[in-house]
Amino acid sequence: MGDTPPIRRPRASFVPHASIVDIPFKYLIIGVTSLPLFGLLICTFISVWKTYEEVTESVCGVSNFVPSISAVTGITPQLYIWRYLIGFQSGPRLILAAAYYQQHKLYASRLPKPFYFTILAKSALLLHMIDLVSFVGVAYVSNRENFPVHERLFIVFLVSSTMYMGVMLTIYSRLNAEGLLAPRVKHAYWMKTVFFSLTFVFIILLSYFHYAHRTKCYPNGKQSDAATGFLSTSLAFLISKMLNICLMCTVL
């Protein structure tokens, strides 16, 4: 008999190792999708501390008490902080959208008539994609660089994100009627209903103050109140939207 051939051992790079850090998927997504909220707070703090007068100036020549979101994220170095964080959270948001779609497909297989539910699931996926792309576009096209494009992207983001929240609530309403929601998901469903109601109120106020601030351009105190109201409601809408995204992750 010939010599036994030597045993070829795998290269060290292919040998599995124990994970150094083990982070649950849910908490990873929550952490990453919270980055825009923390980024907004950081940009606002830096802007108020360093350039308060610049970020509170108005197109009508009055000073606002509340700084503009576009202003605090449109000047350097806040511009780069905001863009990096928005870009970094976009990847996990894609994973989140895919995970939700797969979850909805699983629910559809348990429904007696899944046709309309499948349409809702696909609509939610499409609106989520539009929401994400427009949000990234708002961050990467600042109002100082191209205001018309920035404004239109924000409108698309506003509409798509609100429609997405409405479709998701419709999906959960159908699942709740069929008795397919777990207790913790039911809690998230009611919380999402609250956030959607708040968002709808913020949109109404935002539309009114935008009209008063940019179209009517009220003089003196009225203009200042309109501008401050517009900026406050836009900030409240964005925070509500971000909190709703974080809440979405808790049901996975």
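Reading the values: the criteria
Residues numbered from 1 in each chain as written. Predicted model: local features only at pLDDT ≥ 70, side-chain atom pairs only at ≥ 80, totals over all residues. Heavy atoms only, no water. Helix = DSSP H or I, 4+ residues; strand = E, 2+ residues; numbered from the N terminus. Buried < 20%, exposed > 50% of the residue type's maximum accessible area, 1.4 Å probe, protein only. Areas by Shrake-Rupley, 256 points an atom, 1.4 Å probe, with all protein chains shown as cover. Axes fitted to C-alpha atoms, helices over the stretch in contact; angles between N-to-C directions. Parallel < 35°, antiparallel > 145°, perpendicular 65-115°, else oblique. Left-handed = near helix turned anticlockwise from the far one by under 90°. Salt bridge = Lys/Arg side-chain N within 4 Å of Asp/Glu carboxyl O. UniProt positions renumbered as here; feature names shortened; annotations may be inferred. Expected span 1.5 Å × (residues − 1). 1 Å grid on protein atoms, 1.4 Å probe; cavity = no way out; pocket = protein on both sides within 12 Å on 5 of 7 lines; lining within 4 Å. Points joined across faces, edges and corners; volume = space filled by probe spheres on them. Nonpolar A, V, L, I, M, F, W, Y, C, P; charged D, E, K, R; others polar. Patch = residues over 30% accessible without salt bridge, like charges linked within 9 Å, V, L, I, M, F, W, Y side chains within 5 Å.

(A) The arrangement of the overall build of the protein in detail. Counting its regular elements, the protein contains 9 helices and 0 strands. Reading the secondary structure of the protein in the N-to-C direction produces α-α-α-α-α-α-α-α-α. Residues counted as buried form 43% of the 252 residues belonging to the protein. Carbon and sulfur atoms make up 67% of the accessible area of the protein, which totals about 14400 Å².

(B) Region of interest: the environment of G87. Among the structural elements, G87 can be located in helix α5 (residues 78-108). With relative accessibility at 25%, the residue G87 sits in the partly exposed group. Expressed as a C-alpha distance, the spacing of G87 and V136, which sit 49 residues apart in the sequence, is 6.8 Å.

(C) Looking closely at the packing of helix α6 (residues 115-140) against helix α7 (residues 147-177). α7 packs onto α6 with a crossing angle of 150° between their chain directions and a minimal axis gap of 8 Å. With respect to α7, the element α6 is oriented roughly antiparallel. Of the two possible hands of crossing, α6 and α7 adopt the one that is left-handed.

(D) Geometry of the pattern of salt bridges. Evaluation of the coordinates by the stated rule reveals 3 salt bridges. R83 is the salt-bridge partner of E145, the closest N and O atoms lying 2.9 Å from each other. You can see E145 sitting in the loop between α6 and α7 and its partner R83 sitting in helix α5, a full 62 residues away along the chain. Judged by its relative accessible area of 14%, R83 is buried. A salt bridge links R93 to D131, with the nearest nitrogen and oxygen atoms 3.5 Å apart. Here the residue R93 occupies a position in helix α5, and D131 occupies one in helix α6, the gap between them amounting to 38 residues. The exposure class assigned to R93 is buried, which follows from its relative accessible area of 1%.

(E) Representation of the UniProt feature "transmembrane region" (unreviewed entry) in the protein. As annotated in UniProt, the feature "transmembrane region" (unreviewed entry) corresponds to residues 27-49, 114-141, 153-172, 193-211 and 231-251 in the numbering used here. Along residues 27-49 one finds 96% helix and 0% strand; the C-alpha atoms at either end are 32 Å apart. Secondary structure content for residues 153-172 is 100% helix and 0% strand, and the end C-alpha separation is 28 Å.

(F) Main features of helix α2 (residues 35-50). For α2, with 16 residues, the first-to-last C-alpha span of 22 Å sits near the 22 Å given by 1.5 Å per residue. Every buried residue of α2 is accounted for by L35, P36, L37, G39, L40, C43 and S47.

(G) Just empty space enclosed by the protein, in detail. Taken as a whole and assessed by the stated rule, the structure comprises 1 cavity of 30 Å³ or more. What lines the largest cavity is A97, Y100, Y101, H104, A121, A124, L125, H128, Y164 and M168. Of all the secondary-structure elements, those providing two or more residues to the lining of the largest cavity are α5, α6 and α7. Across the lining of the largest cavity, the residue classes tally to 8 nonpolar, 2 polar and no charged.

(H) Spatial organisation of a nonpolar patch on the surface. Residues F38, L41 and I42 make up a contiguous nonpolar surface patch of roughly 290 Å² in combined accessible area. Among the structural elements, L41 can be located in helix α2. Residue classification places L41 among the partly exposed positions, given a relative accessible area of 48%.

(I) Spotlight on α6. With 26 residues, α6 should cover 38 Å at 1.5 Å per step; its first-to-last C-alpha distance of 38 Å lies within 8% of that length. For α6, the full list of buried residues reads F117, A121, A124, L127, H128, D131, L132, S134, F135, G137, V138 and A139.

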